[in-house]
Protein chains: 2
Amino acid sequence: MEFSSKLLENAVNEMSQLPGVGKRTALRLVLHLLRQPEQQTVLLADALSKVRAEIKFCKSCHNISDKELCEICENPNRNEELICVVEDIRDVMAIENTSSFRGLYHVLGGKISPMDGVGPQDLNITSLVEKVKSGKVNELIFAMSPTMEGDTTNFYIFKQIQDYNVKTSTIARGVAAGNELEYTDEITLGRSIVDRIPFEASLKS
Amino acid sequence: MEFSSKLLENAVNEMSQLPGVGKRTALRLVLHLLRQPEQQTVLLADALSKVRAEIKFCKSCHNISDKELCEICENPNRNEELICVVEDIRDVMAIENTSSFRGLYHVLGGKISPMDGVGPQDLNITSLVEKVKSGKVNELIFAMSPTMEGDTTNFYIFKQIQDYNVKTSTIARGVAAGNELEYTDEITLGRSIVDRIPFEASLKS
């Protein structure tokens, strides 16, 4: 791509560093900003610099936060003995949206994935094991995505804490609400039969 | 979407102002930046602020440029009598890539589209008409997209300049290279038969 302006080329190159944004999309976005009032670009650039420079991570659960402790960890009404282990903050947001969990979270910041060069030492696992060792945790809920990497991560953590007195569980895997049975993959459908639950229990949700 | 941080919320909101970027995508992009070295965000924010604040438009053709006159308008080897009228700078880049045009451009900055509130006064049409009036232009090539708005824009400009001594043409419309005839729409296929060209001429490309 040949640009008639170094400034434009530079902006497009930086924009196209973002995941899923190619050169063409980057150009479209930059040209859009050029057509908008200058204020919009200023606000965007400021917000990005600021979030990158000033963002904090909760020292307890590693969730993104503006303070030392995030609002969830600070909330005295939440059950400190129940910890839901998630991959990243988007999972916290997704679970919070359901309003069905009143414990705390522990954000690992990724999942063990040798293919991407991510090992256990790159994740917030040590602090989780410390929490369990302290004896204040009653149950860990593994809420990783049901993929090979998610399962590996769950298993790695499980091995680290199995000698301590803590319950472990994973979120239920089965047929999703609204899904057609005939289009559900075999592994999911098979497990949903093995892991079937009493019908009365299913009426509660 | 509930955020655990105002800074994050702000960055996501600004990011999601970009066309085609929803809240979820914006969150993904911002979280990606948070995982990268701070330098990357600084470079991106700087590049955006800079391109918006310092960008110039060529005073002759309205192409984006770092100088008063863009490189194309400055180039003495290009034919000043032949002007290709395009919608925006991406079209200039696309045509330049083909290396088959050696004239100058005139970037309108959009197309007449009453539905989007864009009228002739919002486009760089006056300066184009002035160029034609000056008598230095031999031929205008309309290279707008073959849509209703593109055709309207072409026709509007044509009405403005038809009394002056200038040739006008539009880029050829027909079946695109590599396209299957049976999947080509009727209008295009019909026109490609009406506007057929001598076979010997087609061998030159």
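Here is a short report on the structure shown in this document. (Residues numbered from 1 in each chain as written. Chains lettered and ligands numbered in written order. Predicted model: local features only at pLDDT ≥ 70, side-chain atom pairs only at ≥ 80, totals over all residues. Heavy atoms only, no water.)

This part takes up the relation of the copies chain A and chain B. After a rotation of 180° and a shift along the axis of 0.1 Å, chain A superposes on chain B with an RMSD of 0.1 Å. The superposition of one copy onto the other is thereby described by a two-fold rotation axis. Using C-alpha coordinates, one finds that chain A approaches the rotation axis most closely at A:Ala45, a distance of 2.2 Å. Both copies share a contact surface, since 100% of the interface residues of chain A are interface residues in chain B too. (Least-squares fit on C-alpha atoms with pLDDT ≥ 70 in both. Contact = heavy atoms within 4.5 Å.)

Below, the discussion takes up the environment of B:Gln36. Residue and element names in this part refer to chain B. Note on placement: glutamine 36 falls in the loop between α2 (23-35) and α3 (38-54). Exposure remark for glutamine 36: the relative accessible area of 24% places this residue in the partly exposed category. C-alpha of glutamine 36 to C-alpha of serine 169: the two residues are 133 residues apart in sequence and 50 Å apart in space. (Helix = DSSP H or I, 4+ residues; strand = E, 2+ residues; numbered from the N terminus. Buried < 20%, exposed > 50% of the residue type's maximum accessible area, 1.4 Å probe, protein only.)

Below, the discussion takes up the interface of chain A and chain B. Across the boundary between the two partners, chain A contributes 49 residues, which contact 49 residues of chain B. Roughly 5,000 Å² is buried in total at the junction of chain A and chain B, and carbon and sulfur atoms are behind 70% of that figure. Here chain A and chain B share zero salt bridges between them. The tally of links between chain A and chain B comes to ten residue pairs in polar contact (both at pLDDT 80 or more). Listed by contribution, the elements that provide at least two residues to the side of chain A that touches chain B are α1 (6-15), α2 (23-35), α3 (38-54), β2 (64-65) and α5 (89-98) of chain A. No other element matches the 14 residues that α3(A) contributes to the side of chain A that touches chain B. (Buried area = accessible area lost by both parts, 1.4 Å probe. Salt bridge = Lys/Arg side-chain N within 4 Å of Asp/Glu carboxyl O. Polar contact = N/O pair within 3.5 Å; in protein donor to acceptor, adjacent residues only side chain to side chain.)

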